[in-house]
Amino acid sequence: MHEASLAKNIIEIISANTELTNGVRIKRVNLRVGELAGIYYDSLQFYFTEMSKGTSAENAELIFENLPIVGKCRECSNEFPLQNFEINCPKCGLSKFDIISGNEFEIVNIEVE
Ligand SMILES: [Zn+2]
């Protein structure tokens with residue numbers, strides 16, 4: 001359901017941006033998604049394909065750029081990507097940190113034909 005409402009949002013944003021340019025066809029939608037956002041790409045593409053039928057975005061492809069989860073060390077303020085469950089600061093070795101990004105979901109741009 002999460003993916004269904006996201007697909008709806010994307011289509012609404014595209015429609016709002018393309019209604020003035022009649023006959024335009026959307027080829028690709030470039031998205032940036034944080035690993036913490038918990039989005040299933042296949043599922044989102046599926047809903048998007050279904051819901052975009054008959055709109056300017058019909059047959060458009062979603063391109064996902066994966067953003068890592070980034071932590072900020074509470075000790076030395078170093079910012080580092082959290083990968084493979086490695087949760088120690090690479091600079092000072094401590095494991096006290098705050099997560100500062102990884103929840104992103106944004107449309108980078110829309111490519112038209
Ligand atoms: Zn540190």
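Residues numbered from 1 in each chain as written. Predicted model: local features only at pLDDT ≥ 70, side-chain atom pairs only at ≥ 80, totals over all residues.

## Digging into the sheet that holds strand β3 (residues 70–73)
Two modes of strand pairing occur in sheets, parallel and antiparallel, and in both the strands are linked by backbone hydrogen bonds. Strand order in the open sheet formed by three strands is β4-β3-β5, and the pairing between neighbours is antiparallel. For this open sheet the edge positions go to β4 (79–81) and β5 (97–101), each flanked by a neighbour on one side alone. Across the sheet, the axes of successive neighbouring strands diverge by a mean angle of 35°, strand direction being ignored. (Pairing = 2+ DSSP bridges. Helix = DSSP H or I, 4+ residues; strand = E, 2+ residues; numbered from the N terminus. Axes fitted to C-alpha atoms, helices over the stretch in contact; angles between N-to-C directions.)

## Thoughts on the sheet that holds strand β6 (residues 105–112)
One open sheet holds the three strands; their spatial order is β2-β1-β6, and the pairing between them is mixed. Of all the strands in the sheet, the pair left with one neighbour each is β2 (61–67) and β6. Each neighbouring strand pair of the sheet contributes to a mean axis angle of 20°, computed without reference to strand direction. Bridge count for strand β1 (residues 26–34) against β6 is seven bridges, and the pairing is antiparallel. Bridging from a neighbouring strand, I26 pairs with V112 of β6. Packing of helix α1 (residues 2–18) onto the sheet brings it into contact with β1 and β6, and relative to β6 it is tilted by some 45°. (Contact = placed C-beta atoms within 7 Å.)

## Considerations on α1
If you check α1, its first and last C-alpha atoms are 25 Å apart, about what 17 residues at 1.5 Å a residue would give, namely 24 Å. Looking at α1, one finds that the buried residues are A7, I10, I11 and I14. Taken down its axis, α1 places every buried residue within 95° of arc, on the same side. Of the residues in α1, the exposed ones pointing more than 90 degrees away from the buried face are S5, N9, E12 and A16. For α1, the elements touching its buried residues are β1, α2 (41–51) and β6. (Expected span 1.5 Å × (residues − 1). Buried ≥ 20, exposed ≤ 12 C-beta atoms within 10 Å, placed from the backbone. Arc of directions from axis to C-beta.)

Take it as geometry only, folks, not as evidence of what the structure does.
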